[in-house]
Protein chains: 2
Amino acid sequence: MSKHILVIGAGRSATVLIRYLLDQAEKNQTEITVADLQPELAASKVNGHPRGHAIGFSINAPDAAEIIARHDVVISLLPPALHTEVARHCLNSKKHLLTASYLSPELRTMDEEVKKHGLLFMGEMGLDPGIDHMSAMEIIHRIKDEGATIESFKSSTGGLVAPESDDNPWNYKITWNPRNVVMAGQGTAQFIQDGQVKYLPYHRLFTQTEKIKLPGYGRFEAYANRDSLAYESLYGLDGINTLIRATLRREGYCAAWNILLQLGLTDDQIKIPNASTRSYKEWLMSYLPSSGKKSAEARVAELFRLGDQSPILKKMKWMGLFSNEKIKLNEPTAAQILQQLMEQKWVMKKKDKDMIVMVHDFMIRKKKHKYALRSALVVIGDNSLDTAMAKTVGLPLGMLAMMLVRNECRLTGIHLPVMKEVYKPVLKELTQYGIVFTEKLRTV
Amino acid sequence: MSKHILVIGAGRSATVLIRYLLDQAEKNQTEITVADLQPELAASKVNGHPRGHAIGFSINAPDAAEIIARHDVVISLLPPALHTEVARHCLNSKKHLLTASYLSPELRTMDEEVKKHGLLFMGEMGLDPGIDHMSAMEIIHRIKDEGATIESFKSSTGGLVAPESDDNPWNYKITWNPRNVVMAGQGTAQFIQDGQVKYLPYHRLFTQTEKIKLPGYGRFEAYANRDSLAYESLYGLDGINTLIRATLRREGYCAAWNILLQLGLTDDQIKIPNASTRSYKEWLMSYLPSSGKKSAEARVAELFRLGDQSPILKKMKWMGLFSNEKIKLNEPTAAQILQQLMEQKWVMKKKDKDMIVMVHDFMIRKKKHKYALRSALVVIGDNSLDTAMAKTVGLPLGMLAMMLVRNECRLTGIHLPVMKEVYKPVLKELTQYGIVFTEKLRTV
């Protein structure tokens, strides 16, 4: 009897996932339903495949429960806040659920019930979170099996632009949710360093970065993610000396972003009146101390003690922050104005390729020897549809869905992919798609 | 027939107000009811006065409406969030209401109804807000009457410690709500400077201060209040070039407070686990980058490029931030830990006196001449009960209440004390209590 997989959400990020599922459908005797608010978008992704079905779908519509009930495995690509609703339907009709989002506290409370019904709800099954957990756990288990101790683990991931498409002074383009880029790091970062829990507030986050050099790919820098503490026990690393999860950018990005933050341009609370008739430069001036007839550039330089030729000023100028162009937004917040600029300037062009970089740095002690182990992944997108992001987020979801269809995964309850029975087959299959980590071990 | 005034709240800040009302009671044929959650506290303030009555009172109790209905004028000293509830009762039973708190948006919506019933709800009738509005308006009206133009108005107020009781390196003690001191400035300050609206985010607020020198009282510095924009039209200063309302501290305070803020110690979001068994120094270390065996002091100095002998380090040390004393709080936020330290260290001793400083700085143009006008108020407390704060907050409330009893104020609706009929008699009567502004005009 055929099994049925439901993919909710047919946006850009779903392309690779849907193609993988359709490619695997015949072999696994599976029917694939692609559901979206826009049925024509779903249809374009299914593209007439004999085992593919496109439907209109809204989680708030009366038929949502019934549609979910017709399938065996549900993959939700909806915004994180909507997963709880999908999960309730899955629980009611006893279906497995997979997402690439961080597990929410509400979802976690369903663990007992999910287990009782013999179901699996797998969260954080994309890239970051997702592949980061799986690749880290593969190494952590291996090191422990060898009788060694992990003293430090720093894991950094970035969704960036490929070197061949990197043509702006920020060395960055938006390859994922632009709102997340503007709001990145708001709050307080928490991690473990040298045996101590550390708190790093937003206004210092981009000044305490770690430099990372990858042969063949150049220089990067990493700023700490919001919460690394939860992963100490989840990764089985209780008592570890240093544990930091971080986000990668190209060298120089963080110093410039910090100036935007220090100015107040990432604020999302205060609404800016008259933004519809003011220019970006006039808006920027509102964040600078008055100082006679000096230009906006000169005032920024003065306030932050930057030289005339500072690469930060160059980045700001390129971004359009000193321009006389009108903002044309109605009562936006500063963050919304900045996002509009970013979406214009940091846009991926038709032929641009994106790049995923993931770096795990371990410090290991075995008997009296100390080693540094680096495991690194670089994935470059094929084109503007088959992006590195869409591949690395979509493939793990697709692979686990097919494992469930084939009854190759008997796990039940609410989980993250930290267990061997999940990461081993997924990481192995990922190598067929060019998603391969390379390791380097050196004595220190 | 006797009139009745109800004072809700008999805490420390009510002492002067209650004494004023009792002193005026006989002459004005008025009965004074002092209401508090603790009736014995109310009784101690009434102290057997023949026209005074002490009662237990809770705004949530079933008899609250009935108690309010028995009076003619209600003065609420409750926390600002509770004023709306008091206001509803006042509206139902048609009573005047006076508070010293900022008028909330909810209260403002009642304007029509309040007016319809011929009532006056007066907010911001204390010191700041209160005396600041009244004294500013007296000058603004006078300048306009003289045919001159106001180009700039900067108004700063501080609740400080009197010079004779100033014995710590911060030159500060807590004379009002300690929570407000820790949370001061969180958000984004908005003001007008050189013809432009300016936004100053919290993380830069304490670095952009204005120095103020008062002959006989020494040096102060002012940091901008949250919202100065609302006062442009309220003060009748539309189109003014510069308008800033600010808070005064002693010189050097802001630079040191900024370091606490930069470290992250004023954060009120993240709960700190294990704070009950950790020392202040261990907690502080969590906000500092790891750097070998260096002391907390050395790390702070390194991070913020301070010299060994920096007065900022001295202030932090005196505050107890480098001490091995245990915090003993259960899952507090950083702001709560800091507040606990401040309440211990910045405590007003029995014989300490407080000091209110208010400075209005105007730039005026009359024909072709330009003048700087400074109006300044310094009030020193008599003792720990008759503080400058209790006087300056309580007396305006009491004076307006008696004006209402004597039918000397016919104003109706929701208001702030910006009109001549209120500020003129109140400012005049305040001089009898030593609350006197001195003016200095100079050509520039």
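Residues numbered from 1 in each chain as written. Chains lettered and ligands numbered in written order. Predicted model: local features only at pLDDT ≥ 70, side-chain atom pairs only at ≥ 80, totals over all residues. Heavy atoms only, no water.

**Describing the overall build of chain A**
Basically, it comes down to this: Per the convention used, a helix needs a DSSP run of H or I reaching at least four residues, while a strand needs a run of E reaching at least two, with both numbered from the N terminus. Computation of the radius of gyration draws on C-alpha atoms, with the globule rule given as 2.2 Å multiplied by the number of residues to the power 0.38. Per-residue accessibility, obtained with a 1.4 Å probe over protein chains only, is compared with the maximum for each type, and a residue is labelled buried under 20%, exposed over 50%, and partly exposed between these values. Note on contacts: a residue pair qualifies if any of its non-hydrogen atoms lie within 4.5 Å across the two residues.
Per the secondary structure count, chain A includes 17 helices and 16 strands. For 444 residues, the compact-globule formula gives about 22 Å, and the C-alpha radius of gyration of chain A, at 23 Å, lands near that figure. For chain A, the C-alpha atoms occupy an extent of roughly 80 × 60 × 40 Å along the three principal directions. Per-residue burial for chain A yields a buried fraction of 57% across its 444 residues. Considering only contacts within chain A whose residues lie at least 6 apart along the sequence, 71% involve residues at least 24 apart.

**Comments concerning the domain arrangement of chain A**
Residue and element names in this part refer to chain A. What counts is decided by this rule: Domain start and stop points were drawn from an automatic or database domain assignment. Accessible area that two parts lose when put together, with a 1.4 Å probe and added across both, is what the buried area reports. For this document, the term salt bridge refers to a Lys or Arg side-chain nitrogen within 4 Å of an Asp or Glu carboxyl oxygen. N or O atoms closer than or at 3.5 Å make up a polar contact, with two conditions inside protein: a donor-capable atom paired with an acceptor-capable one, and, for residues adjacent in sequence, both atoms drawn from side chains. Classification convention: Asp, Glu, Lys, Arg as charged; Ala, Val, Leu, Ile, Met, Phe, Trp, Tyr, Cys, Pro as nonpolar; all other residues, Gly among them, as polar.
For chain A, the domain assignment lists domain 1 (3–123), domain 2 (131–252 + 350–387) and domain 3 (271–332). The straight-line distance from the C-alpha centre of domain 2 to that of domain 3 is 32 Å. On the side of domain 3, 4 residues touch domain 2, which itself brings 4 residues to the contact. In total, domain 2 and domain 3 occlude about 510 Å² of area from one another, counting both sides; carbon and sulfur atoms represent 76% of this. Area buried by domain 2 at its contact with domain 3 is led by Pro 169, Trp 170 and Gly 252, which between them contribute 87% of it. Our enumeration of links across domain 2 and domain 3 arrives at 0 salt bridges. Between domain 2 and domain 3 we count 1 residue pair in polar contact (both at pLDDT 80 or more) in total. For the side of domain 2 that touches domain 3, the class distribution of residues is 2 nonpolar, 2 polar and no charged.

**Notes on the relation of the copies chain B and chain A**
Look at the two chain copies: a rotation about an axis and a shift along it is all it takes to match them. Convention followed: Fitting of the copies onto one another was done by least squares over C-alpha atoms, counting residues only where both copies have pLDDT of at least 70.
With an RMSD of 0.0 Å, the fit of chain B onto chain A corresponds to turning through 180° and sliding 0.0 Å along the axis. Taken together, the rotation and translation relating the two chain copies correspond to the operation of a two-fold axis. Residues of chain B ranked by C-alpha distance from the rotation axis are headed by B:His203, positioned 3.4 Å from it. Residue by residue, 100% of the interface of chain B is reproduced at the interface of chain A, so both copies engage with the same surface.

**Some remarks on the environment of B:Ile68**
All names here are of chain B. Here Ile 68 shows up in helix α3 (residues 64–69). Judged by relative accessible area, Ile 68 falls into the buried class, the value being 0%. The spacing of Ile 68 and Val 379 is 311 residues in sequence and 33 Å in space, taken between C-alpha atoms. Among all residues touching Ile 68, those that are not within four sequence positions of it are Leu 6, Phe 57, Val 74, Val 86, His 89, Cys 90, Ser 93 and Lys 95.

**Observations concerning the pairing of strand β11 (residues 218–224) of chain B**
All names here are of chain B. Here is the rule we go by: Two strands form a pair only when DSSP identifies at least two bridges running between them.
The buried fraction of β11 amounts to 5 of the 7 residues, a majority that puts the element mostly inside the structure. The antiparallel pairing of strand β10 (residues 210–214) with β11 creates a hairpin that spans 3 residues between the two strands, and Gly 216 there sits at a positive phi of about 90°. For β11 and strand β12 (residues 242–250), the ladder comprises 5 bridges, and the chain directions are antiparallel. Of the residues in β12, the one forming a bridge with Ala 224 is Ala 246.

**What about helix α15 (residues 334–345) of chain B?**
Note the following rule: The length a helix should cover is 1.5 Å for every residue beyond the first.
Spanning 12 residues, α15(B) covers 17 Å between terminal C-alpha atoms, matching the ideal 16 Å at 1.5 Å per step. Burial in α15(B) covers these residues: B:Ala334, B:Ala335, B:Ile337, B:Leu338, B:Gln339, B:Gln340, B:Leu341 and B:Met342.

**Regarding helix α16 (residues 388–405) of chain B**
Residues and elements named next belong to chain B. To keep things clear, this is the line we draw: The seven residues ending at a residue and the seven starting there each receive a fitted axis; the angle between those axes is the bend at that residue.
Here α16 contains 18 residues, and its C-alpha end-to-end distance of 26 Å stays within 8% of the 26 Å for a straight helix at 1.5 Å per residue. The largest bend along α16 reaches roughly 25° and is located at Gly 394, with the proline Pro 396 sitting one to four residues downstream. α16 sits mainly inside the fold: 18 of its 18 residues count as buried.

**Notes on the pairing of strand β4 (residues 73–76) of chain B**
Residue and element names in this part refer to chain B. Using the following cut-off: With the strands pointing away from the viewer, any crossover whose connection runs clockwise from the first strand over the helix to the second is right-handed.
Residues of β4 alternate between two faces, with Val 73 and Ile 75 on one and Val 74 and Ser 76 on the opposite face, all of them buried. When strand β1 (residues 3–8) meets β4, the two strands line up parallel, connected through 4 bridges. Following the sheet pairing, Val 7 is matched in β4 by Ile 75. Pairing of β4 with strand β5 (residues 96–99) involves 4 bridges; the strand directions are parallel. Across the sheet, the residue bridging to Ser 76 is Thr 99, located in β5. Chirality of the crossover, the property in question, places the unit of β4, helix α4 (residues 83–93) and β5 among those that are right-handed.

**Some thoughts on the pattern of salt bridges**
All chains considered together, the criterion is met by 44 salt bridges over all chains. A salt bridge links A:Asp382 to A:Lys391; its shortest N-O distance comes to 3.2 Å. Here B:Arg142 makes a salt bridge to B:Glu439, at a shortest N to O gap of 2.5 Å. Residue B:Arg142 is found in helix α7 (residues 131–145), and its partner B:Glu439 is found in strand β16 (residues 438–443); the two are separated by 297 residues along the sequence. What you see here is one network of salt bridges that share partners, running through A:Asp167, A:Lys173, A:Lys349 and A:Asp352.

**Points about the sheet that holds β4(B)**
All names here are of chain B. What counts is decided by this rule: To obtain an axis, a line is fitted to C-alpha atoms, over the contacting stretch when the element is a helix, and the angle between two such axes runs from 0 to 180 degrees between their N-to-C directions.
The strand order across the open sheet built from 7 strands is β3-β2-β1-β4-β5-β6-β15, with neighbouring strands paired in parallel fashion. Strands at the two margins of the open sheet, each flanked by one partner only, are β3 (52–56) and β15 (413–415). In this sheet, neighbouring strand axes are inclined to one another by 20° on average, regardless of whether the strands run parallel or antiparallel. In this structure, strand β6 (residues 120–122) lies alongside β15, joined through 3 bridges in parallel fashion.

**A few points about the nonpolar core**
Residue and element names in this part refer to chain B. Stated precisely, the cut-off is as follows: Only buried residues count toward a nonpolar core, which is a set of Ala, Val, Leu, Ile, Met, Phe, Trp, Tyr and Cys residues joined through side-chain atoms within 4.5 Å.
Counting residues in hydrophobic clusters, the biggest one holds 94 residues, and the most contacted among them are Ile 5, Leu 21, Phe 121, Phe 153 and Val 422. With 13 residues, α16 is the largest single contributor of residues to this core. Residues lining this core come from more than one domain, with at least three contributed by each of domain 1 (3–123) and domain 2 (131–252 + 350–387). Beyond its immediate chain neighbours, meaning those up to four positions away, Val 422 contacts Met 122, Met 125, Met 134, Leu 400, Met 403, Cys 409, Leu 411 and Pro 417.

**Topic: the interface of chain B and chain A**
Chain B puts 30 residues into the contact, and the matching count from chain A is 30 residues. Together chain B and chain A conceal approximately 2400 Å² of surface at their shared face, both sides included; 47% is due to carbon and sulfur atoms. Area buried by chain B at its contact with chain A is led by B:Tyr199, B:His203 and B:Arg204, which between them contribute 26% of it. Across the chain B-chain A interface, the total number found is 0 salt bridges. Linking chain B to chain A there are 20 residue pairs in polar contact (both at pLDDT 80 or more). The biggest single contributor to the side of chain B that touches chain A is strand β9 (residues 196–201) of chain B, with 5 residues.

**Here's the deal with the sheet that holds strand β2 (residues 30–36) of chain A**
All names here are of chain A. In space, the 7 strands of this open sheet follow the order β3-β2-β1-β4-β5-β6-β15, with parallel pairing throughout. The sheet is open, and its two borders are formed by β3 (52–56) and β15 (413–415), each paired with just one other strand. On average, each strand axis in the sheet is inclined to that of its neighbour by 20°, with strand direction left out of account. Sheet topology places strand β5 (residues 96–99) next to strand β6 (residues 120–122); 2 bridges connect them, and they run parallel. Bridge assignment links Leu 98 to a residue of β6, and that residue is Met 122.

**Overview of the packing of aromatic side chains**
How two aromatic rings sit relative to each other is given by the distance of their centres and the angle of their planes. The cut-off we apply is this: The aromatic pairing rule takes the rings of Phe, Tyr and Trp, using the six-membered ring of Trp, and pairs them if the centres are within 6.5 Å, calling planes under 30 degrees apart stacked, those over 60 edge-to-face and the rest tilted.
Evaluation of the coordinates by the stated rule reveals 30 aromatic pairs over all chains. Ring plane angle 80° and centroid distance 5.3 Å describe the contact between A:Trp170 and A:Trp346, whose orientation is recorded as edge-to-face. With a gap of 176 residues between them, A:Trp170 in the loop between β7 (149–161) and α8 (178–183) and A:Trp346 in the loop between α15 (334–345) and β13 (354–366) connect regions that are remote in the sequence. Their ring planes at 10° and their centres at 6.0 Å tell us that B:Tyr253 and B:Trp257 sit as a pair that is stacked. Of this pair, B:Tyr253 and B:Trp257 both sit in helix α11 (residues 253–263), 4 residues apart, roughly one helical turn. A residue is classified by how much of its surface remains accessible, and B:Tyr253, at 2% relative accessible area, is buried. In textbook terms, an aromatic cluster arises when at least three aromatic residues are bridged by ring pairs, as seen for A:Trp170, A:Tyr172, A:Tyr253, A:Trp257 and A:Trp346.

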